[in-house]
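Observations on the three-dimensional arrangement
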Amino acid sequence: MSNKPKESGVEYAELKYKDKVIKLPIVIGTEGEVGIDIAELRKTTGMVTVDPSFLNTAVCYSKITYVDGENGILHYRGVSVDELVKNHRFVETAYLLLRGKLPKADQSKRFSKLLNEHSLLHEDMRHFFDRFPRAAHPMQIMSTMFDALSTFYPNVDALSMREDIDICAARLISTFRTMAAFAYKRSIGEPVVYPRSDLPYCANFLHMMFSSPVNPYEINPEVVKILNTLLILHADHEQNCSTTAVRTVGSAQVNLYSTISAGISALSGPLHGGANQAVIDMLKRIVKDGDVKKYIDKAKDKNSSFRLMGFGHRVYKTFDPRAVIIKKACHDFLATMNINDPLLEVAMHLEEVALKDDYFVSRNLYPNVDFYSGIIYRAIGIPENMFTVMFALARMPGWIAHWKEMISSQTKITRPRQIYVGKTMKHEK
Ligand code: SDX
């Protein structure tokens, strides 16, 4: 069943080409977005539209997340991220994204119980970690392990639900957390720590990451709170690169585990989720150099491939609302934890200098979700190569929600067209 808005009082756009006038229906979203529906264009005219990287193309109708890039607004199912960060936990936000509404108390309890029941990794998979090189990047480990999950559990794909999707979703959200902690423990040569049934989602993750047989980790409520904030803010972001990968791969009726594995791989790119780790690398270089202006100039230099990591966004042409919340939360958390991180000072100085520079202002380049998040992860004690894993941990419910929406509203495989500009057959003579 398509999510396409009901066609009431349809307006039309007119496309004139040679002696033809083509009428194309206008669709208007619930937040007022206006689109030209070209679904029948090729069938009726033989023509296609051309839009590399989809800068101007809506690939679907979605009810999950709304991003207003001009006004810096972000809401999940109509609930603003500010409201979710203030009054809800990540698990409730995951429920909202997956089921379309915030859970009532009993639903929240049942969902937490489901997550807990599916938090263990199949024991045979635990030994997979022993076979990766110690220096393997955890994002590559996670995408491999997620693909392997499909060999251990009943298949769930667009055509066959051999397991209840809510159970499968709980396993994906919970097992990813367990695997992430296992990957970290393996990388530092410590024994893995199993999840505890008495701990809520974020506290359990911290327990699995930082407890050890000789050093029980004391869970600090401030750390749990800031982790919930970060996971909520990263939980979904409509048709970003990795979510588009999930919707595309899933449309071929690939099982959900392998489909999510494709999303993890897409997110690992430095232009996407990998940026949070790249920001810290950049800030450390600037602290070492002591020269912010040098990096601002490099970022503006067309002959340099250097970019100000954590700056700019395909959709936001003003402050990323998540960056505004994270910047304040970063300040408050470091003050509460009595941590003085020189990277924060440099980040704020960099932001101040950049936002006074016409190069950035004229291109609407503002701090995005990745600019300050790494400083908080550092303060929690999470290693830099795990920052993008944290992004994937948060994005799991968003990816699954989009996969569910795609399989319920789209029956065709995603297969864009192209304009061929290569050699023609007659060239062969
Ligand atoms: C995420 O899509 C999402 O929703 C993603 C995300 C999510 O929640 O899923 O929000 C998460 O991926 C955030 C973005 C993290 N990436 C980075 O911080 C990497 C640094 N940023 C850039 O690489 C860039 O801004 C992108 C990739 C984020 C967006 O690139 P676009 O939309 O393709 O824009 P562009 O590359 O065409 O840039 C437009 C202009 C260019 O200059 P001109 O050719 O016009 O002269 O702006 C310049 C670019 O050179 N530019 C930058 C810049 N970003 C853009 N110049 C210096 N530093 C930058 N960071």
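In this text the structure is predicted, and so the values were computed from the model without any measurement.

1. Digging into the site of the ligand
- Around the ligand, the structure places 24 residues, and the nearest of them are H237, H313, R314, R322 and R395.
- Here an oxygen atom of the ligand and a side-chain polar atom of H272 are 3.0 Å apart.
- Between an oxygen atom of the ligand and a side-chain N or O atom of R314, the distance comes to 2.8 Å.
- Computed on the free molecule, the ligand has an accessible area of 1,100 Å², of which 78% lies beneath the protein chains in the complex.
- The class makeup of the residues in the shell around the ligand is 10 nonpolar, seven polar and seven charged.

2. Examining the side chain of T388
- The residue T388 is located in helix α18 (residues 387–409) in this model.
- Within polar-contact distance, the side chain of T388 engages the side chain of N276 at 3.1 Å.
- If near-sequence neighbours (up to four positions away) are discounted, T388 is found in contact with M139, L267, S268, G273, G274, N276 and Q277.

3. Thoughts on the nonpolar core
- Among the nonpolar cores identified, the biggest contains 120 residues, and F176, L283, L308, I375 and I382 are the most heavily contacted of them.
- When residues no more than four places from it in sequence are discounted, the contact partners of F176 are M142, F146, R171, I264, V389, A392, L393 and M396.

4. Notes on the pairing of strand β5 (residues 73–76)
- One ladder, built from four bridges, connects strand β4 (residues 65–68) with β5; its direction is antiparallel. In the strand pairing of β5, V67 is matched with L74.
- Between the end of β4 and the start of β5, which pair antiparallel, lie four residues, with G72 showing a positive phi angle near 65°.
- Bridging between β5 and strand β6 (residues 79–80) involves two bridges; their strand directions are antiparallel. Looking at β6, one finds that Y76 is bridged to V79.
- Taking the residues that link successive antiparallel strands as the turn, the β5-β6 hairpin has two residues, and the phi of R77 there is positive, at about 55°.

5. Here's the deal with helix α17 (residues 370–380)
- Within α17, 10 of the 11 residues are buried, which leaves the element mostly enclosed by the surrounding structure.
- What α17 keeps buried is the set D370, F371, Y372, S373, G374, I375, I376, Y377, A379 and I380.
- The secondary structure elements touched by the buried residues of α17 are α8 (201–210), α9 (221–233), α12 (275–289), α14 (321–336), α15 (342–354) and α18.
- Where α17 terminates, the next one or two residues include G381, which has phi positive at roughly 105°.

6. Overview of helix α3 (residues 90–99)
- Within α3, nine of the 10 residues are buried, which leaves the element mostly enclosed by the surrounding structure.
- All of the buried residues along α3 are F90, V91, E92, T93, A94, Y95, L96, L97 and L98.
- Backbone geometry just after α3 places G100 at a positive phi near 95°.

7. Observations regarding the packing of α8 against α9
- Remark: α8 packs on α9, axes separated minimally by 9 Å, with the N-to-C direction vectors making an angle of 110°. In terms of orientation, α8 and α9 fall into the roughly perpendicular class. The crossing of α8 and α9 is right-handed. On α9, the residues that touch Y201, C202, A203, F205 and L206 of α8 are V223, V224, L227, N228 and L231.
- Within the contact of α8 with α9, the residues separate by chemical class into nine nonpolar, one polar and no charged.

Reading the values: the criteria
Here the residue numbering is sequential within each chain, running from 1 through the sequence in written order. In keeping with the model being predicted, local features are shown solely for residues with a pLDDT of at least 70 and side-chain atom pairs are shown and tallied solely at 80 or more, while totals for entire chains, interfaces and linings include all residues. The side-chain numbers reported here are obtained from all heavy atoms of the structure, hydrogens and water having been left aside. Definition of nearness: a residue and a molecule or strand are near each other if at least one heavy atom of the residue lies within 4 Å of the molecule or strand. Polar contact is the term for a pair of N or O atoms within 3.5 Å; when the atoms are in protein, one must be able to donate a hydrogen and the other to accept it, and sequence-neighboring residues count only if both atoms are side-chain atoms. Each accessible area value is a Shrake-Rupley result obtained with a 1.4 Å probe; residue values ignore everything except the protein chains displayed when judging cover. Any residue outside Ala, Val, Leu, Ile, Met, Phe, Trp, Tyr, Cys, Pro, Asp, Glu, Lys and Arg is labelled polar, Gly included; the first ten of those are nonpolar and the last four are charged. Working definition: helices are DSSP H or I runs of at least four residues, strands are E runs of at least two. Numbering for both runs from the N terminus. Every residue pair with non-hydrogen atoms within 4.5 Å of one another is taken to be in contact. Only buried residues count toward a nonpolar core, which is a set of Ala, Val, Leu, Ile, Met, Phe, Trp, Tyr and Cys residues joined through side-chain atoms within 4.5 Å. Each residue is assigned to one of three classes by its accessible area relative to the maximum for its type, calculated with a 1.4 Å probe on protein chains only: buried under 20%, partly exposed between the two thresholds, exposed over 50%. A strand pair is defined by DSSP finding two or more bridges across the two strands. Axes, fitted as lines to C-alpha atoms, cover a helix only where it is in contact. Angles between the N-to-C directions of the axes lie from 0 to 180 degrees. Roughly parallel refers to an angle under 35 degrees, roughly antiparallel to one over 145, roughly perpendicular to one between 65 and 115, and oblique to any angle outside these ranges. Crossings are sorted by hand: turned counterclockwise from the far helix by less than a right angle, the near helix makes the crossing left-handed, and turned clockwise it makes it right-handed.

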